[in-house]
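Here is what each chain is made of, one letter per residue.
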Amino acid sequence: MNNIKNLINHPTESSAQIISRNEVEVIAPDGEVFTVYCGIGSLLDAETRNTELKWLEILFDQKFSLDKEYMIQNIWHEMNQFGLVKVLAISAGTRHYDRTRIGTRIREIREERGIDAKDLAKLAGIDAANLSRIENGKYSVGLDILSKIATALGKKVDFIDL
């Protein structure tokens, strides 16, 4: 009983909450949101639900990485190896890291070329405020807009090996 109380009181940077009977939302230490499909919400015992949620939080903290594919792979491995929380599926996250990485790269190329943000926005046919949000990783951009920005910078959108 003491071990469970220690677990429940263990501080974590991640937080998990039940969304529905089969869905839990986990916010990782960097703020990226993941949906975990599992049966935690259907458990009748509140103490067991809270313990399972805490296990998820601890697992997301321990396996946290900016490389989300690697992080999720490690979470799956840990769950399978030790039989923690019966999980059916995990989303790929909200892709905050990818948005930030791509936005930062757009800004780097723009600044290397000496182009003002408002000029790049005009060349790409988008609003300057949207370009700012894209460069700051605050806006999920579609392929059409990303292609327009890339073309304006003399680049193309492509798949590269990880």
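To be clear, the structure that these remarks concern was listed above.
Rules and cut-offs
- Residues numbered from 1 in each chain as written.
- Predicted model: local features only at pLDDT ≥ 70, side-chain atom pairs only at ≥ 80, totals over all residues.
- Heavy atoms only, no water.
- Salt bridge = Lys/Arg side-chain N within 4 Å of Asp/Glu carboxyl O.
- Helix = DSSP H or I, 4+ residues; strand = E, 2+ residues; numbered from the N terminus.
- Buried < 20%, exposed > 50% of the residue type's maximum accessible area, 1.4 Å probe, protein only.
- Pairing = 2+ DSSP bridges.
- Axes fitted to C-alpha atoms, helices over the stretch in contact; angles between N-to-C directions.
- Contact = heavy atoms within 4.5 Å.

**Notes on the pattern of salt bridges**
(1) Moving on: Under the criterion given, the structure shown has 10 salt bridges.
(2) Moving on: For glutamate 32, the salt bridge is made with lysine 68, and the minimal N-O distance between the two is 3.9 Å. Of this pair, glutamate 32 sits in the loop between β2 (23–27) and β3 (33–38) while lysine 68 sits in helix α3 (residues 68–82); the two residues are 36 residues apart in sequence, bridging distant segments of the chain. With respect to burial, glutamate 32 and lysine 68 carry one shared label: buried.
(3) Moving on: Across the pair arginine 105 and glutamate 112 runs a salt bridge, and its minimum N-O distance is 4.0 Å.
(4) Moving on: Judged by relative accessible area, which is 38%, arginine 105 ranks as partly exposed.
(5) Moving on: Residue glutamate 112 is classed as exposed on the basis of its relative accessible area of 61%.
(6) Moving on: It is possible to trace a salt-bridge network through shared partners that takes in Arg107, Arg110, Glu111 and Glu135.

**What to know about the sheet that holds strand β4 (residues 87–90)**
(1) Moving on: Taken together, 4 strands build an open sheet; the order of strands is β1-β2-β3-β4 and the sheet is antiparallel. Lying at the two open borders of the sheet, with one neighbouring strand each, are β1 (15–20) and β4. Across the sheet, the mean angle separating the axes of adjacent strands is 25° when strand polarity is ignored.
(2) Moving on: Running at roughly 130° to β1, helix α2 (residues 46–62) makes contact with β1, β2 and β3 of the sheet.
(3) Moving on: Packing against the sheet, α3 makes contact with β3 and β4, and its axis sits at approximately 175° to β4.

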